[in-house]
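Each chain, letter by letter, is given below.
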Amino acid sequence: VQQYTPDWTSLDARPLPRWYDESKVGIFIHWGLYSVPAIASEWMWWEWKGKNPDQSVIDYMAANYPPDWTYADFGAQFRADLYNPNEWADLFAASGAKYVVLTSKHHEGYAMWPSTYSFNWNSMHVGSKRDLVGELAAAVRNRTNLVFGLYYSLFEWFNPLYLRDKSKNFTSQDYSKTKAIPELKEMIETYKPEIVWSDGEWEPYAAYWNATQVLAWLYNESPVKTTVVTNDRWGRETSCKHGGFYTCSDRFNPGHLIDHKWENCFTIDKQSWGYRRTANIADYMTIEEVLSEIVTTVSTGGNALVNVGPNMHGKIPPIFQERLQQMGSWLKVNGEGIYLSVPWKYQNDTINSDVWYTSSKDGRYVYAFLLIWPKNTTEIILGAPLTSASTVVTILGSNGDSLQWKTANSGRGIVIDTSNIKLHLLESQWVWTFRLTNLLTDNTTLPTIQQTTSTVQSTPRGNANISFSSSFLLFVLLCVYFM
């Protein structure tokens, strides 16, 4: 069995377990004490009592709570009285996702399991009096085929040990050695998560967290050493450089192919990862937006981690349920081009910006995902495919009949005749997948876009909002430059 030494050269050489790349879609769950006040975001405590507080949060608390109310007082209200982990597991299975990641502890420090390192600040001692992590782990494993994973925030905003280390410019490690690292190991040994999703790493360097030693233990000795995957959030200098899959920043979606496995974690509620009772309908992604995010992510080599925020009672709000069920119905029809797929030579079509591609691993099929069905035309024109006389085009979710097509006037590309397609009869209501077979091998040399990692830093959750349109515009400009 391969043994890894506690240095980045060795750790970064560990092959990513194959199951992760083949899964493509996961569910993220942000649930904690912040679900009780349910205003602003999961950063509510910091926005209330941290540096540069949000005046609207201060005003809300002053108007609705006693003057001596503290954040810890929310603990008793976090009863999770309607929490049914079996219900959650069934919903996640129906969503078509292949793995799930629950926040075991966010930056507030409240542990969602009976942590021996968070005395009187965990779900067994304060609030629900339940092991919220353990119950979901059991439900997911007993009722579904999903892989179970856990998020863990390394730092805690107001932990006095952490603040003392910080005041010494992290030359001391009292917090990391006596709290964060032993608690993380306890969580892994107890619940055996096959995804360890680290966060809250960005202030000190990785050495403060003993990150390389932790990962060497995880890969060599832990109960999940052969199957576990991790991310890149292990110190202020590691984002987009070291670890397992890269996350780079929240909502990271570069719009072009990256040669290292990466993940786009994004929220259905565009303003918050945790539940907000102040949200309006326009704050939620439409199913078209969710599917577009998944398709563009998978096309360019990433996995999509789709976030929902349960409320304080343990119920997943209907808007999130609807989006996950819609996602599942779409993946049931179109998953052939998502799961087990690999990026094709082209990701975005050369002339139709609404089309993105994947390929089957054996290269037999190319999948063209059409994000928006064009109006007032019966033809869909693609610039990237190089057709042969035996090329066959079908649309997933139809009766299976092949579609008529012709080569584009330029001698390259394809014009697909959609005149006989009745949209209301297709199984997909959004984002349609054309399967192309028997394309010619394309020897065109494409410009290489190098990913810049040196300046990308992990951003505090809730404050990163990477613009996909901006990334795509940069991609187009670079393509023009290299042509």
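Residues numbered from 1 in each chain as written. Predicted model: local features only at pLDDT ≥ 70, side-chain atom pairs only at ≥ 80, totals over all residues. Heavy atoms only, no water.

- Per an unreviewed UniProt entry, the chain goes by the name alpha-L-fucosidase and belongs to Adineta ricciae.
- We quote the UniProt Function (unreviewed entry) comment for the chain here in full: "Alpha-L-fucosidase is responsible for hydrolyzing the alpha-1,6-linked fucose joined to the reducing-end N-acetylglucosamine of the carbohydrate moieties of glycoproteins." (UniProt positions renumbered as here; feature names shortened; annotations may be inferred.)

### A few points about the UniProt feature "site: May be important for catalysis" (unreviewed entry) in the chain
No. 1: UniProt annotation of "site: May be important for catalysis" (unreviewed entry) refers to Cys-265 when read in the numbering used here.
No. 2: Judged by relative accessible area, which is 0%, Cys-265 ranks as buried. (Buried < 20%, exposed > 50% of the residue type's maximum accessible area, 1.4 Å probe, protein only.)

### Notes on the pattern of salt bridges
No. 1: Evaluated as defined, the whole model comprises 20 salt bridges.
No. 2: A salt bridge links Arg-130 to Glu-135; its shortest N-O distance comes to 2.6 Å.
No. 3: Of the charged contacts in the structure, one is a salt bridge between Lys-270 and Glu-289, with a shortest N-O distance of 3.5 Å. With Lys-270 in the loop between β6 (262–267) and α10 (287–299) and Glu-289 in helix α10, this pair connects stretches of sequence that are 19 residues apart. (Salt bridge = Lys/Arg side-chain N within 4 Å of Asp/Glu carboxyl O. Helix = DSSP H or I, 4+ residues; strand = E, 2+ residues; numbered from the N terminus.)

### Overview of the packing of aromatic side chains
No. 1: Counted by the stated rule, this structure contains 45 aromatic pairs.
No. 2: Here the aromatic rings of Trp-31 and Phe-78 are separated by 5.4 Å at their centres, their planes lie at 70°, and the arrangement is edge-to-face. Residue Trp-31 is located in the loop between β1 (25–29) and α3 (44–49), and its partner Phe-78 is located in the loop between α4 (55–64) and α5 (85–94); the two are separated by 47 residues in the primary sequence.
No. 3: The buried category is assigned to Trp-31, whose relative accessible area is 1%.
No. 4: Each ring, one from Trp-373 and one from Trp-432, has its centre 5.3 Å from the other, and the planes form 80°; the classification is edge-to-face. Of this pair, Trp-373 sits in the loop between β9 (365–370) and β10 (379–382) while Trp-432 sits in strand β14 (residues 432–437), and the two are 59 residues apart along the sequence.
No. 5: A relative accessible area of 14% places Trp-373 in the buried class.
No. 6: For Trp-432, a relative accessible area of 10% translates into the label buried.
No. 7: For the cation-ring pair, Arg-14 lies above Tyr-219, with the distance from its terminal atom to the ring centre recorded as 4.1 Å.
No. 8: Sitting over the ring of Tyr-152, Lys-105 keeps its end group 4.5 Å from the ring centre. (Phe/Tyr/Trp six-rings, centres within 6.5 Å; stacked < 30°, edge-to-face > 60°. Lys NZ or Arg CZ within 6 Å of the ring centre and 35° of its normal.)

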